[in-house]
Amino acid sequence: MRKEPPPVVTTSNVGNVEPRQHPKTGQNEWYQQAVGDYDTALDRLAHAYEADPDRRRDLLQEIHLALWRSFEKFDGRCSLRTWVYRVAHNVAASHVIRQTKWKKNAAFLTLEEAEAQPGNENVEVSADRHQALARLLALIQRLELVDRQVILAYLEDLDAESIGEITGLSTANVWTRIHRIKNVLVRQFHTGVRDAR
Amino acid sequence: MPGECLPDDVQILWREMEMSSLTFSPDQLRREMEKLQVGSRRKSIIVAVVGWSLIAAFAVFFFLFDNTLARIGSALSVAGFAYMLVYMRRAKWRALPDVGPTECIRFYRTELERHRDSCRGMRLWSWILIVMAPWIIFNLGFMQVHPEVAPVLWFDCGFIVAAAAFVAHKWLSTARRYQDRIDMLDASQKGS
């Protein structure tokens, strides 16, 4: 009788493979694969959580360290992408909480507050793409962490189901937040980004 | 709607961000982890040296002073600092869930709860009482033996009480801020 070959695990289907069928892949190999696929996304994520360049470098290193260590326990129950984003967001959340522990005025913007902010009328300033990006980063860095996680995942082009899997929010909740975030972005960036082209 | 295509534009803008191109090899990360472990060991050694020095100093005071209050203060200080050393060695913060399998919202809530709990309850009051009470008792005893330095010691007692009140206020208000964020997080999940 012909034996079925074991399933091939790739980055895209790892979440669908039963843990027991999972071939033994080393911690280093998973890490290298994750870095190969998500290196720039992790870098952008660190920018969104930390404005100070030195502390950002530390945060990025912390994320990489946590990621590498986490692969000791990676069992393929979720996709590599979900795992990488969860590790990165969780480490970054700890970082932000630590950094703001004794700061009395370290309040973050809720979506309601972001929506209530006046729209950007300064076309000349925002006509520069660097300026627009700086403003986008500044807005993201002020958002409450859960909204920040949703907006970052959205900017990385993840769908609502994936964002729900990473954050633990229901898909409906993610949709609502994305819709509201889009409105904030429209109000804050439409003129700037369009004119910058 | 004029802004219909906007989010795509912002996504493109987002991905055009210049990157720092920092890379870490597994060997580098392993070395970094060892460095962190060495740093944490060094911190523990410093705490132990300071703690044991204070214990030794108050043990000497116990035999040096003939006054009952000073002796009670010294004995309590020795016990208090010994408790602190044991506490710091054994008591761990509430453990965080693993970063990989834990969804962000649960991880964030646990982290907020952990920080909130570190700033209130037994942890706060035991630290304040352990440092403050024996020190004041010791000072009162010392005043009886050397009444000429009483004004300085009263100032010292006042300073300790003020410092303890400041720390308690700071920690409790920080704990309240964490609780507010937890409440906000819960409300935002219920609201949507």
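Residues numbered from 1 in each chain as written. Chains lettered and ligands numbered in written order. Predicted model: local features only at pLDDT ≥ 70, side-chain atom pairs only at ≥ 80, totals over all residues.

Helix and strand counts for chain B stand at six helices and zero strands. Each helix and strand of chain B, ordered N terminal to C terminal, gives the series α-α-α-α-α-α. A globule of 192 residues ought to have a C-alpha radius of gyration of about 16 Å, yet chain B, at 25 Å, is considerably larger. Seen through its C-alpha atoms, chain B measures out along the principal axes to roughly 85 × 45 × 30 Å. (Helix = DSSP H or I, 4+ residues; strand = E, 2+ residues; numbered from the N terminus. Rg over C-alpha atoms; globule rule 2.2 N^0.38 Å.)

Below, the discussion takes up the overall build of chain A. Tallying secondary structure elements over chain A gives nine helices and zero strands in all. By residue count, 41% of the 197 residues in chain A fall in the buried class. If you take every contact in chain A between residues at least 6 apart in sequence, the share linking residues at least 24 apart comes to 70%. (Buried ≥ 20, exposed ≤ 12 C-beta atoms within 10 Å, placed from the backbone. Contact = placed C-beta atoms within 7 Å.)

Between chain A and chain B, the residue contacts involve 51 residues of the former and 36 residues of the latter. At the level of secondary structure, the elements contributing two or more residues to the side of chain A that touches chain B comprise α1 (27-49), α2 (53-70), α3 (80-99), α6 (129-142), α7 (145-155), α8 (160-167) and α9 (171-196) of chain A. Residues that form the side of chain A that touches chain B fall into these classes: 24 nonpolar, 16 polar and 11 charged. (Nonpolar A, V, L, I, M, F, W, Y, C, P; charged D, E, K, R; others polar.)

Another aspect to go through is the packing of α2(A) against helix α2 (residues 26-64) of chain B. Viewed as axis vectors pointing N to C, α2(A) and α2(B) meet at an angle of 100°, and their least axial separation amounts to 10 Å. In terms of orientation, α2(A) and α2(B) fall into the roughly perpendicular class. Counting all contacts with α2(A), which are made through A:Q61, A:H64, A:L65 and A:W68, the residues of α2(B) involved are B:P26, B:L29, B:E32 and B:M33. Of the residues that constitute the contact of α2(A) with α2(B), the class distribution is five nonpolar, two polar and one charged. (Axes fitted to C-alpha atoms, helices over the stretch in contact; angles between N-to-C directions. Parallel < 35°, antiparallel > 145°, perpendicular 65-115°, else oblique.)

Backbone geometry follows two general trends: most residues other than glycine have a negative phi, and most peptide bonds adopt the trans configuration. We note that A:D157 has phi near 70°; this positive angle belongs to a residue other than glycine. Mapped onto the fold, A:D157 is located in the loop between α7 and α8.

Residues and elements named next belong to chain A. Structurally, chain A comprises domain 1 (25-103) and domain 2 (107-197). Contacts between domain 1 and domain 2 engage 12 residues on the former and 12 residues on the latter. Those elements giving two or more residues to the side of domain 1 that touches domain 2 turn out to be α1 and α3. Examining the composition of the side of domain 1 that touches domain 2, we find that six residues originate from one element, α3, more than from any other. Partitioned by chemical class, the residues of the side of domain 1 that touches domain 2 number eight nonpolar, three polar and one charged. (Domains from an automatic or database assignment.)

Attention now moves to the environment of A:F108. Residues and elements named next belong to chain A. Note on placement: F108 falls in the loop between α3 and α4 (111-116). C-alpha separation for the pair F108 and Q141, spaced 33 residues apart in sequence, amounts to 8.5 Å. Setting aside residues no more than four positions away along its own chain, F108 makes contact with R142, L143, E144 and L145.

The next subject is the confidence of the model for chain A. All names here are of chain A. Averaged over every residue, the pLDDT of chain A is 78; residues scoring 70 or more account for 76%. Note that residues 1-24 has pLDDT below 50 and, in this model, 26 contacts with residues that lie over four places away or in other chains. Below a pLDDT of 50 lies the segment residues 191-197, which in the model reaches 20 contacts outside its immediate sequence neighbourhood of four places, other chains included. (pLDDT = per-residue confidence, 0-100.)

By the secondary structure assignment, B:Y178 is in helix α6 (residues 150-191). The residues touching B:Y178, leaving out its near neighbours within four places in the chain, are B:L112, B:H115 and B:R116.

A word on α2(B). Over its 39 residues, α2(B) extends 57 Å from the first C-alpha to the last, a length consistent with the 57 Å expected when each residue adds 1.5 Å. Counting buried positions along α2(B) gives one out of 39 residues, so the element sits mostly on the surface. (Expected span 1.5 Å × (residues − 1).)

Here we come to α3(A). The first and last C-alpha atoms of α3(A) sit 28 Å apart over 20 residues, in line with the 28 Å expected at 1.5 Å per residue. In terms of burial, α3(A) is a largely internal element, 16 of the 20 residues being buried.

Right, let's get into the confidence of the model for chain B. All names here are of chain B. The pLDDT averaged across chain B works out to 84; a share of 92% of its residues lies at or above 70. Confidence, expressed as mean pLDDT per element, reaches its minimum in chain B at helix α1 (residues 6-15) with 76 and its maximum at helix α4 (residues 104-118) with 90. This stretch, residues 1-5, has a pLDDT under 50; its non-local contacts, to residues over four places away or in other chains, come to three contacts. Across the assembled chains, the prediction reports ipTM 0.76 with pTM 0.78.

Time to look at the environment of A:A66. As for its placement among the helices and strands, A:A66 is situated in helix α2. In sequence terms A:A66 and A:V84 are 18 residues apart; their C-alpha atoms lie 9.8 Å from each other. Ignoring anything within four residues of it in the chain, the contact list for A:A66 reads A:V87, A:V91 and B:V99.

Another aspect to go through is the packing of α2(B) against helix α3 (residues 68-90) of chain B. All names here are of chain B. Running from amino to carboxyl end, α2 crosses α3 at an angle of 160°, the nearest separation of the two axes being 8 Å. In terms of orientation, α2 and α3 fall into the roughly antiparallel class. Like other packed secondary-structure pairs, α2 and α3 cross with a definite hand, here left-handed. For the pair α2 and α3, the contacting residues are V47, A48, G51, L54, I55, F58, A59, F61 and F62 in the first and A70, R71, S74, A75, S77, V78, F81, A82, M84, L85 and M88 in the second. Residues that form the contact of α2 with α3 fall into these classes: 16 nonpolar, three polar and one charged. (Left-handed = near helix turned anticlockwise from the far one by under 90°.)

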